[in-house]
Amino acid sequence: MVKSIMIVGVGGQGTLLASRIIGNALIKKGVDVKVSEVHGMSQRGGSVVTYVRFGETSADKVYSPVINRGEADIIIAFEQLEAARYVSFLKKGGKMIVSTQTIDPMPVITGNAAYPADIIAKIKSAGIDITAVDALELAVKAGSAKASNVVLIGVLASFAVMSDEAWIEEIEECVPPKFVELNKKAFYLGKESI
Amino acid sequence: MLGNEAVARGLYEAGVTVVSSYPGTPSTEITEFSANYDEIYAEWAPNEKVAAEVAFGASVAGGRSFFGMKHVGLNVAADPLYTMSYTGVNGGIVMAVADDPGMHSSQNEQDSRHHAIAAKVPMLEPSDSAECLSFTKTAYELSEQFDTPVIIRLSTRVSHSQSLCELSDRVNIPNKPYIKNVAKYVMMPAMAKGRHVFVEERTNKLREYAETSPLNCTIYNSTKVGVITSGAAYCYAAEALGNTVSYLKLGIVNPLPEKLILDFAAKCDKIYVIEELDGIIEEHCKALGIKVIGKELFGLIGELSQEIIAEKILGKTFDSVNFTEDIPVRPPVMCAGCPHRGVFYCLSINKIRVSGDIGCYTLGASAPLSSVDTTLCMGASVSGLHGMNKADPEGSSKTVAVIGDSTFMHSGITGLVNIAYNQSNSTVIVLDNSITGMTGHQQNPSTGVNLKGDVTAAVNIESLCKAIGIKRVRVVDPYNLKETDLAIFEELAAPEPSVIIARRPCALLKYVKHKPALVINDCKGCKMCLKLGCPAISNKDGKAVIDSVQCVGCGICTEVCRFGCINKADGGVN
């Protein structure tokens, strides 16, 4: 079976780094992996999506790099509105991890649209298995608001099959040396929050 | 590795020595990764035409060379490419062009295969990173074997997806000897006539090659349904249809084989052609008299996906939960602290018409600034402004062009030469943020640093403008709204061409020091600051609040707040 993890958020939140950490950690498991990103204009504060697809066993070949509606096993949402936007990509029985952070999009800032209330409760009442974490607060606790991506990887680690060591190894490889300790702390704060 | 990184690895392994490109999403990283190899000389050229000509020169001198670009970049490089097809190569020439189906970061959705057909050069299309690497290496062999430039066609999902690759060592290929050959390399009519005959013969040979090349492969699973496909579309088809159908996967998309396709079609009852954008393979099949189903199901617009294919061919529907309320869209916005914001704010409040260009500052078209009136292609802001002012001289006092520093280097200068030469009363604003922003911070000829990170000569934009005949040139700080506003007012009023350089480095550059976040106390609710379209300022129950995570303390909101409510966190004035 091919498994699909979707990472959604707002350009600038560090979703790309999160998808690379997850992708690289999976490659080391010896399975086929595809990670798909979009660069350029959407990175400027727009809605961003990255896809990680991988084989459960080394016999599973991943063809498509993208995830469609009803296909994601796990969605990690860095922001509540983005969780709502992409909930339809979750497979039946899939799991959603959401950071409780909210970032107003420009139509809300300019007063042309309203930010929906109680998004997490509404997603939950639709029967979705959703875990909400204040990743921003935990990241600040770890030393930087920018580490909320690694907090969310910590949350993912509490559900997935990979060992903590494997995750930490990837974090060490993917972040600049002077931020490794901070990010390790962020990872464990995320993991222990569940 | 990323598809683009795999192309760069292919360049390294193929013994390439010269790489020249202009950045463009989704192609940029090929050249950035190439620069990591000490054995490769890699550079950012001012535009794609220059890059193509650099690669041509390197080839004539005997080295293997490369130039890369996004799809619209190939329009700029088309002039050298179409004649390079005639001259052929000495050292191999490969170029990569990255299409953007779905227009994630582009101004149109053109299909680069048309260029390969029109220029009569072979085009290979990899479907994943492993093929990006191996096809790039094969492309050099084909280039030298058939005496032709070879195009690698990429797309967003191939360029920007990571998948597994097997690496090999570099083959160090000595430069081919330089031999003066006027009949081959000097394309004046007498010689070009001879070379055109060569080009047509070469296409026939390439078509023969395509019949048996391992780049085109067949996978027989079923005699009922056959799928002819290529590139990313193959991945979607294989995902959706698995081993229930047979595949003809075309790695060479120009020229297309005939016998191979006819044989495949003869072995399957029903043939689908699955390709993104235009129906080029489909038309070819139809011309061969094969009944195929393609664009009538999949259309000509946007990206394909396994979902679309499964739905159209298998009638499969997807079960998912939808969020039932309206979800506000989240369009991209100029970053907090973006130096472009100050200029667009001044243009917006003065209701100035704006001839726009390609870059982050295209976002000046979005609400609430809603400032940009036109965006066409690289450099068109400057030339277009001249046209507007010639057609409507009275409008020239309320119309400007805006163009970034990199786009100005790319193709804005020639438009400005035209303004100076043909004298329109035009005001051009160069938004100089000292970097190529949108594509992810590439250096350019005005930044004083090259691709490898070495300090180099920098184009002085003020001197350049003066040298070409613009007498009124002034520099402003776009964080200073008063100064910027005055400059726009005065230059629009001046009865001659003028250039305003709004200079401040991109707020995302590592060397730019951010100030502490600002705070709003005792907000009167006038909403003036919300007109800046700053993502760090939002409206909570009628009062403006600043998000301390996003705010970089640029302070332009303090200039628009009439009540002095926006200040430093310690209470001091910014």
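**A short note on the overall build of chain B**
Then, in step 1: In terms of helices and strands, chain B carries 20 helices and 22 strands.
Then, in step 2: Computed over its C-alpha atoms, the radius of gyration of chain B comes to 27 Å, within 12% of the 25 Å expected for a compact globule of 574 residues.
Then, in step 3: In terms of overall dimensions, chain B has a C-alpha envelope of 80 × 65 × 50 Å along the principal axes.
Then, in step 4: Relative to its 574 residues, chain B shows a buried fraction of 58%.
Then, in step 5: When contacts within chain B are restricted to residue pairs at least 6 apart in sequence, those whose partners lie at least 24 apart make up 74%.
Then, in step 6: Between the averaged position of the 52 positive side-chain charges in chain B and that of its 61 negative side-chain charges there is a distance of 4 Å.

**Description of the sheet that holds strand β3 (residues 65-70) of chain B**
Residues and elements named next belong to chain B.
Then, in step 1: Across the sheet, seven strands lie side by side as β2-β1-β3-β4-β6-β5-β11; this open sheet has mixed pairing. Whereas interior strands pair on both sides, the edge strands pair on one side only; in this sheet they are β2 (41-44) and β11 (252-254).
Then, in step 2: Here strand β4 (residues 93-99) pairs with strand β6 (residues 150-155) via six bridges, running parallel. Paired with Val94 across the bridge in β6 is Val150.
Then, in step 3: This element, helix α4 (residues 71-87), spans β3, β4 and β6 of the sheet and lies at about 145° to β3.

**As for the interface of chain A and chain B**
Then, in step 1: If you look at the interface, chain A gives 58 residues, while chain B gives 56 residues.
Then, in step 2: A buried area of about 4,900 Å², summed over both sides, lies between chain A and chain B, and 58% of it is on carbon and sulfur atoms.
Then, in step 3: The tally of links between chain A and chain B comes to seven salt bridges.
Then, in step 4: Close ionic contact of Glu307(B) with Arg69(A) constitutes a salt bridge, the shortest N to O distance being 2.4 Å.

**Focus on the nonpolar core**
Then, in step 1: Met6(A), Phe66(B) and Ile274(B) are the most contacted members of the largest nonpolar core, which totals 80 residues.
Then, in step 2: A total of eight residues in this core trace back to one element, the largest contributor, which is helix α10 (residues 231-241) of chain B.
Then, in step 3: Each of domain 1 (3-212) and domain 2 (217-314) of chain B gives at least three residues to this core.
Then, in step 4: If sequence neighbours within four positions are ignored, Ile274(B) has contacts with Val227(B), Ile228(B), Thr229(B), Ser230(B), Ala233(B), Ala237(B), Leu241(B), Phe298(B), Leu304(B), Ile309(B) and Ile313(B).
Then, in step 5: Formed by 69 residues, the second largest nonpolar core is a distinct cluster that contains Tyr345(B), Ile403(B), Leu532(B) and Cys554(B).

**Description of the pattern of salt bridges**
Residues and elements named next belong to chain A.
Then, in step 1: Enumeration according to the criterion identifies 43 salt bridges over all chains in this entry.
Then, in step 2: The closest approach of N and O atoms between Glu181 and Lys184, which form a salt bridge, is 3.5 Å. Taken as a pair, Glu181 and Lys184 lie in helix α8 (residues 180-192) at a separation of three residues, close to a single helical turn.
Then, in step 3: Residue Glu181 is classed as exposed on the basis of its relative accessible area of 55%.

**What about the sheet that holds strand β6 (residues 129-133) of chain A?**
Then, in step 1: With mixed pairing, the seven strands of this open sheet are ordered in space as β6(A)-β5(A)-β4(A)-β1(A)-β3(A)-β2(A)-β7(B). In this open sheet, the two strands that pair with only one neighbour each are β6 of chain A together with β7 (161-162) of chain B.
Then, in step 2: Inspection of the sheet shows strand β1 (residues 2-10) of chain A paired to strand β4 (residues 72-77) of chain A by four bridges, in the parallel sense. Paired with Ile7(A) across the two strands is Ile76(A), which belongs to β4(A).

**What about a nonpolar patch on the surface?**
Residue and element names in this part refer to chain B.
Then, in step 1: On the surface, a cluster of nonpolar side chains totalling about 220 Å² of accessible area is made up of Val182, Val186 and Met188.
Then, in step 2: Among the secondary structure elements, Val186 is positioned in the loop between α8 (182-185) and α9 (189-212).
Then, in step 3: For Val186, a relative accessible area of 35% puts it in the partly exposed group.

**Brief notes about the packing of helix α1 (residues 15-27) of chain A against helix α7 (residues 164-174) of chain A**
Residue and element names in this part refer to chain A.
Then, in step 1: Their axes nearest at 9 Å, the elements α1 and α7 cross at an angle of 130°. In terms of orientation, α1 and α7 fall into the oblique class. In the packing of α1 onto α7, the handedness of the crossing is right-handed. Residues Leu17, Ile21, Ile22, Asn24 and Ala25 of α1 form the contact with α7, whose participating residues are Trp167, Glu170, Ile171 and Cys174.
Then, in step 2: Looking at the contact of α1 with α7 residue by residue, the class counts come to seven nonpolar, one polar and one charged.

**Describing the domain arrangement of chain B**
Often, the extent of an interface is quoted as the loss of accessible area upon association of its parts.
Residues and elements named next belong to chain B.
Then, in step 1: When the domains of chain B are assigned, the result is domain 1 (3-212), domain 2 (217-314), domain 3 (340-503) and domain 4 (518-568).
Then, in step 2: Taken over C-alpha atoms, the centre of domain 1 sits 26 Å from the centre of domain 2.
Then, in step 3: The interface of domain 1 with domain 2 comprises 30 residues on the first partner and 27 residues on the second.
Then, in step 4: Around 2,300 Å² of area is buried between domain 1 and domain 2 when both sides are counted, 57% of it from carbon and sulfur atoms.
Then, in step 5: When the buried surface of domain 1 facing domain 2 is broken down by residue, Arg113, Glu125 and Glu211 rank first, second and third, together holding 26% of it.

**Comments concerning the packing of α4(B) against α9(B)**
Residue and element names in this part refer to chain B.
Then, in step 1: Between α4 and α9, whose axes approach to 7 Å, the crossing angle comes to 85°. In terms of orientation, α4 lies roughly perpendicular with respect to α9. Side by side, α4 and α9 meet where Ser85, Tyr86 and Thr87 of the first sit next to Ala192, Arg195, His196, Phe198, Val199 and Arg202 of the second.
Then, in step 2: Split into classes, the residues belonging to the contact of α4 with α9 amount to four nonpolar, three polar and two charged.

**Side note on the confidence of the model for chain B**
Then, in step 1: The share of residues in chain B with pLDDT of 70 or more is 100%, and the mean pLDDT across the chain is 96.
Then, in step 2: Both scores are given for the predicted complex: the pTM is 0.96, the ipTM 0.93.

**Quick word on the side chain of Asp32(A)**
Then, in step 1: One can find Asp32(A) in the loop between α1 and β2 (33-36).
Then, in step 2: Lacking a salt bridge, the buried Asp32(A) has Lys61(A) as its closest oppositely charged neighbour, with an N-O distance of 4.1 Å.
Then, in step 3: At a separation of 2.8 Å, a polar atom in the side chain of Asp32(A) contacts the main-chain amide nitrogen of Val62(A).
Then, in step 4: In contact with Asp32(A), other than residues within four places in its own chain, are Arg53(A), Phe54(A), Gly55(A), Asp60(A), Lys61(A), Val62(A) and Leu164(B).

Definitions and limits used
Residues numbered from 1 in each chain as written. Chains lettered and ligands numbered in written order. Predicted model: local features only at pLDDT ≥ 70, side-chain atom pairs only at ≥ 80, totals over all residues. Heavy atoms only, no water. Helix = DSSP H or I, 4+ residues; strand = E, 2+ residues; numbered from the N terminus. Rg over C-alpha atoms; globule rule 2.2 N^0.38 Å. Buried < 20%, exposed > 50% of the residue type's maximum accessible area, 1.4 Å probe, protein only. Contact = heavy atoms within 4.5 Å. Lys, Arg positive; Asp, Glu negative; His and termini not counted. Charge placed at Lys NZ, Arg CZ, Asp CG, Glu CD. Pairing = 2+ DSSP bridges. Axes fitted to C-alpha atoms, helices over the stretch in contact; angles between N-to-C directions. Buried area = accessible area lost by both parts, 1.4 Å probe. Salt bridge = Lys/Arg side-chain N within 4 Å of Asp/Glu carboxyl O. Core = buried A, V, L, I, M, F, W, Y, C linked by side-chain atoms within 4.5 Å. Domains from an automatic or database assignment. Patch = residues over 30% accessible without salt bridge, like charges linked within 9 Å, V, L, I, M, F, W, Y side chains within 5 Å. Areas by Shrake-Rupley, 256 points an atom, 1.4 Å probe, with all protein chains shown as cover. Parallel < 35°, antiparallel > 145°, perpendicular 65-115°, else oblique. Left-handed = near helix turned anticlockwise from the far one by under 90°. Nonpolar A, V, L, I, M, F, W, Y, C, P; charged D, E, K, R; others polar. pLDDT = per-residue confidence, 0-100. Polar contact = N/O pair within 3.5 Å; in protein donor to acceptor, adjacent residues only side chain to side chain.

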